Amino acid sequence: MKHKLLYLALGILLLAVPTACEEDDTSIGSKLQDDATIFVGERDTIYGADITAYTIYDSNLRTSGYTTAMIGHYWDATFGSVNATLFTQVGLTGASGIRFGEIGATIDSVVVTLVVKETFPNVASANMRIKVSQLAERLYFDSTYTANQSIETGSVFFDDSYHYVDTAKTIRLRLGGDIAEQFAATYADQEEFQERFKGFCIQTVSAQSDPVMFTFNFEASDNKVTVYYTYEGESNHHDMILGATSTVPTHTHFCQFKHNYSGTALANLASG
């Protein structure tokens, strides 16, 4: 008897499996659509040479508001060449301003330290020529800057060869020109400093640099501008903010990207 019940149960189960998907239509959901609605559809077919695929360069790509930045250049057989230039504010760490000129301090040197997050391609070392210039106009932290923008430059503070070693993970540039005179002054507050000093343009000279793109980490505490000075016979230093960090939202930086697609499959694009 038990075996007969088992066979009967299995038989019912086997019958239920193929019939579960063959139930008759029901009226469930029939009221979700108005019967009076008229649908007008069109169908078109595209064949062969009528189909063209291409990439559009987005020159309005936002590059401000990030805590990273890039400089350098690279070339790829498919995507052509790209050059990245950094435009960045330099900011005070406090609201009281700086008064090197007022106290009679002597500016010994000014050093920019850029913390390297990564390189593309990954390299153990690279030779390049780096140029650091003063911006001709200031940046505004509450403005949006895009990949196609640039800012005119003025005084050149650094223009020389530099050998980067990846184990160091930093690029340190000792600035020259009239940078010492500009810091040997008095700035009452952040606003006055931004208006007068404005910021830096940092870039590599492509023709004299290895094809490497550098990504910098602006959140790193060592990513900064350091003013070394002598006051009353003692050596001191004063750190300044370089670009945007997550903890200081009142400073900004952005990158300009220039693309050239000549000689590639994307050559029909306008150069960025």
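S.K.: How should I be thinking about the nonpolar core in this particular structure?
M.R.: A general tendency of soluble globular proteins is for nonpolar side chains to be buried together. Ranked by internal contacts, the top residues of the largest apolar core, which has 48 residues, are Ile 171, Leu 175, Phe 183, Phe 200 and Phe 214. Counting residues per element, this core draws most heavily on strand β5 (residues 106-120), at 5 residues. Core analysis: the next-biggest nonpolar cluster, separate from the first, contains 7 residues, Phe 87, Leu 139, Ile 151 and Phe 254 among them.

S.K.: Can you walk me through the packing of aromatic side chains in this structure?
M.R.: Two aromatic rings, taken as a pair, are described by how far apart their centres are and by the angle between their planes. Per the stated rule, a full pass over the model turns up 12 aromatic pairs. Ring geometry for Phe 183 and Phe 197: centres 5.1 Å apart, planes at 40°, overall tilted. Here Phe 197 lies in helix α4 (residues 190-197) and Phe 183 lies in helix α3 (residues 179-183), a separation of 14 residues in the sequence. Both residues of the pair, Phe 183 and Phe 197, count as buried. With a centroid separation of 5.2 Å and an interplanar angle of 15°, the aromatic rings of Phe 193 and Phe 197 are classed as stacked. Of the two residues, Phe 193 and Phe 197 both sit in helix α4, 4 residues apart, roughly one turn of that helix.

S.K.: Whenever I open this one, the confidence of the model for the protein chain confuses me. Can you help?
M.R.: Atom-level detail of predicted coordinates should not be read off regions where pLDDT is low. This prediction gives the protein chain a mean pLDDT of 84; 78% of its residues lie at or above 70. Counting interchain partners and residues more than four positions distant, the pLDDT-below-50 stretch residues 1-20 has 0 contacts.

S.K.: Teacher, can you tell me more about unusual backbone geometry here?
M.R.: In terms of backbone geometry, most residues other than glycine have negative phi values and most peptide bonds are trans. Here Phe 120 and Pro 121 are connected by a cis peptide whose omega angle stands at -5°. Tracing the sequence through the fold places Pro 121 in the loop between β5 and β6 (125-135). Located in the positive-phi region is Lys 169, a residue other than glycine, with phi close to 60°. If you trace the backbone, Lys 169 turns up in the loop between β7 (153-165) and β8 (170-175). Phi at Lys 198 is positive, roughly 80°, even though this residue is not glycine. With respect to the element layout, Lys 198 can be found in the loop between α4 and β10 (200-204).

Cut-offs used in this document
Residues numbered from 1 in each chain as written. Predicted model: local features only at pLDDT ≥ 70, side-chain atom pairs only at ≥ 80, totals over all residues. Heavy atoms only, no water. Core = buried A, V, L, I, M, F, W, Y, C linked by side-chain atoms within 4.5 Å. Buried < 20%, exposed > 50% of the residue type's maximum accessible area, 1.4 Å probe, protein only. Helix = DSSP H or I, 4+ residues; strand = E, 2+ residues; numbered from the N terminus. Phe/Tyr/Trp six-rings, centres within 6.5 Å; stacked < 30°, edge-to-face > 60°. pLDDT = per-residue confidence, 0-100. Contact = heavy atoms within 4.5 Å.

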